[in-house]
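Secondary and tertiary structure notes
Given next are the chains, with one letter for each unit.
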Protein chains: 2
Amino acid sequence: MDKSKFTAPISLSQIQITDSFWKNEMELVRTEVIPYQWAALNDSVEGAAPSYCMRNFKIAGKMNREKQQKGESYIEPKYTFRGFEALPENPDKLEDKFYGFVFQDSDFSKWIEAVGYSLTQHPDAKLEKLADSAIDIVCAAQQDDGYLDTYYIINGKDKIFTNLRDHHELYCFGHLAEGAVAYYQATGKDKLLRAAERFADCIYKHFGAGEGKCKGYPGHEIAEMALVRLYEVTGDKKYLELSRFFIDQRGTKPYYFDMEGHPEEKGGADGLRYFYHQAHLPVREQTEAVGHAVRAVYLYSGMADVARLTGDESLFAACGRLWDNIVNKKMYITGAIGATHIGEAFSFEYDLPNDTAYAETCASIGLIFFARRMLEIKPDAKYADVMERALYNGVLSGMALDGKSFFYVNPLEVNPAACRKDERKFHVKPVRQKWFGCACCPPNIARLISSVGAYAYTENDNTLFVHLYIGGKLTKNIGGKNVSVDISSQLPWEGNVEIKVRAEHTKFRLALRIPDWCAAGAEEVCGDNAQRGNICLPLGCKIENADEFNIEEKDGYIYLSKQWTDEDTVRLEFAMKAMLVSASAAVREDIGKAALIRGPLVYCLEEKDNGKNLHLLSVKAKNSFEISDSKIGDNYIKKITVLGAAQIAADCTALYNPLGTLREKDVTLTYVPYYTWANRGENEMQVWTRVKYN
Amino acid sequence: MDKSKFTAPISLSQIQITDSFWKNEMELVRTEVIPYQWAALNDSVEGAAPSYCMRNFKIAGKMNREKQQKGESYIEPKYTFRGFEALPENPDKLEDKFYGFVFQDSDFSKWIEAVGYSLTQHPDAKLEKLADSAIDIVCAAQQDDGYLDTYYIINGKDKIFTNLRDHHELYCFGHLAEGAVAYYQATGKDKLLRAAERFADCIYKHFGAGEGKCKGYPGHEIAEMALVRLYEVTGDKKYLELSRFFIDQRGTKPYYFDMEGHPEEKGGADGLRYFYHQAHLPVREQTEAVGHAVRAVYLYSGMADVARLTGDESLFAACGRLWDNIVNKKMYITGAIGATHIGEAFSFEYDLPNDTAYAETCASIGLIFFARRMLEIKPDAKYADVMERALYNGVLSGMALDGKSFFYVNPLEVNPAACRKDERKFHVKPVRQKWFGCACCPPNIARLISSVGAYAYTENDNTLFVHLYIGGKLTKNIGGKNVSVDISSQLPWEGNVEIKVRAEHTKFRLALRIPDWCAAGAEEVCGDNAQRGNICLPLGCKIENADEFNIEEKDGYIYLSKQWTDEDTVRLEFAMKAMLVSASAAVREDIGKAALIRGPLVYCLEEKDNGKNLHLLSVKAKNSFEISDSKIGDNYIKKITVLGAAQIAADCTALYNPLGTLREKDVTLTYVPYYTWANRGENEMQVWTRVKYN
């Protein structure tokens, strides 16, 4: 690791997103998701399973007050521990007890995190007041020792930290810390941050290398990266130490989760349970991404954080191996990960079934977390390429175009009849759902989209990195001088980018990522026009006014430097060519098939445009692509039409017949962006289509 | 239904199988499976999970004696009911209680049935003595009231017939009756038959339309057809009545299984549990084969039996609809059924995944039961075609060539790595297993193969039907005159059949099935040689000495009649041409692919012959087939080589790449019969291969 290359995200308070595409997504989150989510937290969404999240905090707070009034330091546990407290059929019969999943507290934390980010982009006094009142409710539940997990506060604190594997206390802590940091950074208000610190201190007292301390680690990772955020905002080194402890401890023998005692399941002969938790090996010995995909990428994100902050080369090397394993062997072309619904997990290498994929929205989000952390260590476009692919496809597909419904599972092929009739595909929904009892994906989308600027740009002393060409205005202070950088683009539809710099004769570098997708159009952009003053870099990227800058290219970034003035503009053109893509021949599910991409977008076929039985279609390998403006609902898109063939089904009703000649007719295939699928009702969808070579 | 067309199987005692192919299979059953099975029943197979079957009978018998000695009619239940009695880790600690699955008794019944059939073909005094002693043990457990299920005899008879849905009492009865009939027919010994009758009488007293009688029906069907067999051998009409009652009662509302009370599972909103048991609708209203595939075809077999014996047209119509549904929409080309392991069940129409198939051996066996019963009602080659396809492929693949290991699941595509690493494919084994705790398939294969003659031939007053050209010698008495019919063929390798009739100037008809597969070679067999005395029937079937007979053709059968003499010979030639077959375009898994068949055999590619990564191969549509003699182990086979292409994988390690030109090399594909796969160690296998049209 070369510390001089480390970069850090730019504070959202120094970014105003102006991008029309992303501004629209952020407005959906602000106007639809955040209010809906608040209603859900408070059990007031009709027809949706109650969350009981805020209610649990209130009950815990009430018990806290009662305890304080009585001068007691301990209350006798009143309720049984069952992991999930079944909801009563009649809500009138609610008792003063904990309801819902053990991780229900995190619903609040994800909400407050999204709120924080949103306030940086769109100040909203009413929302902030509401958030403050929610924080008051949450903080009132905190115990004298800093502990703050309502499941155990309500059910009895004698059992805290006794089931790390399944009971998500450290997960809830992690989300609380992330939310607290975000809200503090957005508003400067530190009440929740202080609560998170006190909870962290309580955890630090309990866990660690010291004698008598618990040697456990989280069942569901997130605390690792959350502790780093807490460290970075407070400067308190014990949080970094604790994060590192959790990471170092993981997978050591004897297995902590065994010592916890889960006699009912021993992990089986092949130890599937350890793989599930990424606890099968010490993390530095792990070379294959396994188990629950969200947990995995949350862990790897925390590992990258700790590697960067502690200069731990072996930990960074492990991150690199796991990264390569994912992107070279375990990732869908949409940036989705987690090929099997069993354990919501990675499947084996190159096993990427399209119609039974799990491909959880949250896992793509976690992959983006991981990618940005790798970028913070080393600016290499290979990380940003995947980040972009996951963002525009695997993540965006998780939310409807109107922001009102969500996918957990993002398959690459859907036959709605199969989703209803085949139990093996029951996890795949052909249309987005309103909300979920286990509400992980919608609020995760909300917090990612609201903070997308933190992924687009990072910086270090002398360089501003643009990883994603998301339009936005950045203000920076470099050597005491104010600099503003205004990026505008028409991505994902057009490859032109304009960057206006307004600086007081300041020297610094702009580092601009060359997207992987522009290589396909190298010839188109450069053509015969390559000349001084309009130079062509390799890989389909053109800088119009190149002679104004000192230009270097490294690891997929163009480094432009000069003494910037008050009227500098960089004009880039990235070739954006529609292109058929094949998967590695090792991917059995995609053999003989191709997907269509253009720029960062993956495209798909939908029944609405192409009729039923998408499996009968094939796309011609030698093809020209017609790209045209279109709409899905009120949303502008570019659709792509290409030549294909449709197999003509025989009239015969027999199931098996002598192989005849192939009867086909020419058809025009209409592709739409993958993230827009299932916004026109239930229908078939297919990303990978058979190729007709002749 | 036209009763004059009804046919009945020929008694095995009038058949001697001489066919070299089938004789070999029968000898494997006699010399390998039956002795192994007996050892398994008695828990003396090292390394195999104990069956406890005979032990349970002995315990029940002991309790019976104690009860009789004490003059008691009722023993207080001593043990708890749990459905499955976990086996103690230390066998020394065995108590006098029931161990194993609730259906463990049926292991004996399947064994005794196979023994019975085997004795008809190969008398064996030692085996018969062993069988008699086993029967003594079983009969000693029978209660005064005729009840004979050790699970309830040992655990307490107060609970009998209280959990029909899950506890398999009527299933155990069914197998007992089938075994008893077989053993009686083979040996003339009726001790077990009488026991089965007394058990049937006990059930008849408990169940039926009469007031106060229980209105339930079996959770796992088989009693329906078993009762018919009991009726046919004893002439006691109440058995037929009871079978009909079970069939009529099934699926009526309110659902009996609900009334039984299984509060823990209500069947869910979509009533999956009722579908599972084929109890979602009255049987005459059922049009789609659903649920557990073995149960389904056992039920349909019983329905066909009852339809035939009671002249019930509506029941026969239901059988016809369900038959068509299976063979036109839910059957693999191997005659396997049950496309999903979830519930070992039929999936939805045209959903026939190759690599996750359940395709249980027992389900193909059940389909053969159903087919023969349909043939008994109406001799139509469409039933026999499926019967033959299932027998030579979906069933035979269930047993290793040495008779020592077995498949439950018969997939049409296997990547061994996936079976080990992907939990969704854990049910698919890449090599056959020694024996199973739940021992249904191996003994089911044993009883089918031992009685294969009963499927090959049926008869009625004036006609002898040959459905399968399995070599055998039949003796018949027609109008007081002895007739012998000696069939010989080289099936499944050659299409020539010779039938020698030795009769004392007797008039009768030989009805000879024209297999579906010979149509493909119509031209080849007939060519320009069609002439008097060597006439060609349609569909690739030639009768050399046709002018000697009066010939009719109907429903896929050639009816030959004459006044047969002492020196008549029919010489048939069925074109046996290797042929590529496609599946209906509605089968998404097989689109663009073809399977290779020759005669009754489905062929497949194995890694042993074709290298790894079978998915990279394609077979040329316009092809010539080279058929040659070969061996797998000591077993003669014909292998087929054809031209194909192998895609050359790119050197690039990236998961996704721009679609390049298709790089392929010509290869020779080597196909072997599907039933022989996985006899040369663990390797990849594939039935459906992509087609290269140009």
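Residues numbered from 1 in each chain as written. Chains lettered and ligands numbered in written order. Predicted model: local features only at pLDDT ≥ 70, side-chain atom pairs only at ≥ 80, totals over all residues. Heavy atoms only, no water.

Looking at the environment of Asp380(A)
Residues and elements named next belong to chain A. Tracing the backbone shows Asp380 in the loop between helix H14 (361-377) and helix H15 (381-395). Since its relative accessible area comes to 13%, Asp380 is described here as buried. Here the alpha-carbon distance between Asp380 and Asp43, two residues 337 residues apart in the chain, equals 45 Å. Setting aside residues no more than four positions away along its own chain, Asp380 makes contact with Leu375, Asp555 and Tyr557. (Helix = DSSP H or I, 4+ residues; strand = E, 2+ residues; numbered from the N terminus. Buried < 20%, exposed > 50% of the residue type's maximum accessible area, 1.4 Å probe, protein only. Contact = heavy atoms within 4.5 Å.)

Things to note about the packing of helix H3 (residues 105-121) of chain B against helix H6 (residues 169-187) of chain B
Residues and elements named next belong to chain B. Running from N to C, H3 and H6 cross one another at 20°; their axes reach a closest spacing of 8 Å. Judged by the inter-axis angle, H3 sits roughly parallel to H6. Along this stretch, H3 crosses H6, giving a crossing that reads as left-handed. Along the contact surface, H3 presents Asp105, Ser106, Phe108, Ser109, Lys110, Ile112, Glu113, Val115, Gly116, Tyr117, Leu119 and Thr120, while H6 presents Tyr171, Cys172, His175, Leu176, Glu178, Gly179, Ala182, Tyr183, Ala186 and Thr187. (Axes fitted to C-alpha atoms, helices over the stretch in contact; angles between N-to-C directions. Parallel < 35°, antiparallel > 145°, perpendicular 65-115°, else oblique. Left-handed = near helix turned anticlockwise from the far one by under 90°.)

Examining the sheet that holds strand S14 (residues 550-554) of chain A
All names here are of chain A. If you walk across this open sheet you meet the six strands as S1-S6-S7-S11-S15-S14, and the pairing is mixed. A strand with exactly one partner marks an edge of an open sheet, and here the two such strands are strand S1 (8-9) and S14. Two strands pair when backbone bridges link them, and strand S11 (residues 506-513) and strand S15 (residues 557-564) are joined in this way by eight bridges, in the antiparallel orientation. From the neighbouring strand, Lys507 faces S15, where its bridge partner is Gln563. Sheet strands in contact with H15 are S11 and S15, and its direction is about 60° off that of S11. (Pairing = 2+ DSSP bridges.)

Focus on the packing of aromatic side chains
By the definition in use, this model includes 71 aromatic pairs over all chains. Taken together, a centroid distance of 4.0 Å and an interplanar angle of 20° make the contact between Tyr255(A) and Tyr274(A) stacked. Here Tyr255(A) is found in the loop between helix H9 (237-249) and helix H10 (256-260), whereas its partner Tyr274(A) is found in helix H11 (residues 272-276), with 19 residues between them in sequence. Here Tyr255(A) and Tyr274(A) have matching classes, each one buried. When the ring of Phe101(B) is compared with that of Phe103(B), the centres are 4.9 Å apart and the planes differ by 5°; the resulting orientation is stacked. You can call Phe101(B) partly exposed: its relative accessible area is 28%. For Phe103(B), a relative accessible area of 16% corresponds to the buried category. Ring-pair connections join several aromatic residues into one group, and the members of that group are Tyr147(A), Phe161(A), Phe173(A), Phe199(A), Phe207(A), Phe245(A) and Phe246(A). (Phe/Tyr/Trp six-rings, centres within 6.5 Å; stacked < 30°, edge-to-face > 60°.)

Comments concerning the pattern of salt bridges
Under the definition given, this model contains 108 salt bridges over all chains. Where Arg244(A) meets Asp312(A), a salt bridge forms, and the shortest distance between an N and an O atom there is 2.8 Å. Of the two residues, Arg244(A) sits in helix H9 while Asp312(A) sits in the loop between helix H12 (293-310) and helix H13 (313-329), which places them 68 residues apart along the sequence. As a salt-bridge pair, Asp385(B) and Arg513(B) come within 2.7 Å of each other at their nearest N and O atoms. A residue pair is termed long-range when its members are at least 10 positions apart, and Asp385(B) in helix H15 (residues 381-395) and Arg513(B) in strand S11 (residues 506-513) qualify at 128 residues. The class of Asp385(B) is buried, set by a relative accessible area of 11%. Through salt bridges with shared partners, a single ionic network connects Glu232(A), Asp305(A), Arg308(A), Arg372(A), Arg373(A) and Glu376(A). (Salt bridge = Lys/Arg side-chain N within 4 Å of Asp/Glu carboxyl O.)

Some details on the side chain of Ser405(B)
Inspection of the secondary structure puts Ser405(B) in the loop between H15 and strand S5 (413-414). The residues contacting Ser405(B), other than those within four sequence positions of it, are Gly398(B), Met399(B), Ala400(B), Arg432(B), Gln433(B) and Lys434(B).

A few points about the pairing of strand S9 (residues 481-489) of chain A
Side-chain direction in a regular strand flips from residue to residue, so the side chains alternate between the two faces of the sheet. All names here are of chain A. The pairing of strand S8 (residues 472-478) with S9 spans seven bridges and is antiparallel. Along S9, the bridge assignment pairs Lys473 with Asp486. Counted along the chain from S9 to the antiparallel partner strand S10 (residues 496-503), the turn is six residues long.

Brief notes about the side chain of Asn354(A)
With respect to the helices, strands and loops of the structure, Asn354(A) is situated in the loop between H13 and H14. Once residues within four sequence positions are removed from consideration, Asn354(A) is found in contact with Tyr332(A), Pro411(A), Leu412(A), Glu413(A), Glu589(A), Asp590(A) and Trp688(A).

Description of the domain arrangement of chain A
Reports often express the size of an interface as the amount of accessible area lost when the parts come together. All names here are of chain A. The assigned domain composition of chain A is domain 1 (461-574) and domain 2 (579-692). The distance between the C-alpha centroids of domain 1 and domain 2 comes to 35 Å. Summed over both sides, the interface between domain 1 and domain 2 buries roughly 740 Å², with carbon and sulfur atoms accounting for 73% of that surface. The tally of links between domain 1 and domain 2 comes to one salt bridge. Its salt-bridge partner being Glu494, residue Lys638 comes within 3.3 Å of it at the nearest N-O pair. Scanning the region where domain 1 abuts domain 2 turns up two residue pairs in polar contact (both at pLDDT 80 or more). Residue composition of the side of domain 1 that touches domain 2, grouped by class: five nonpolar, no polar and one charged. (Domains from an automatic or database assignment. Buried area = accessible area lost by both parts, 1.4 Å probe. Polar contact = N/O pair within 3.5 Å; in protein donor to acceptor, adjacent residues only side chain to side chain. Nonpolar A, V, L, I, M, F, W, Y, C, P; charged D, E, K, R; others polar.)

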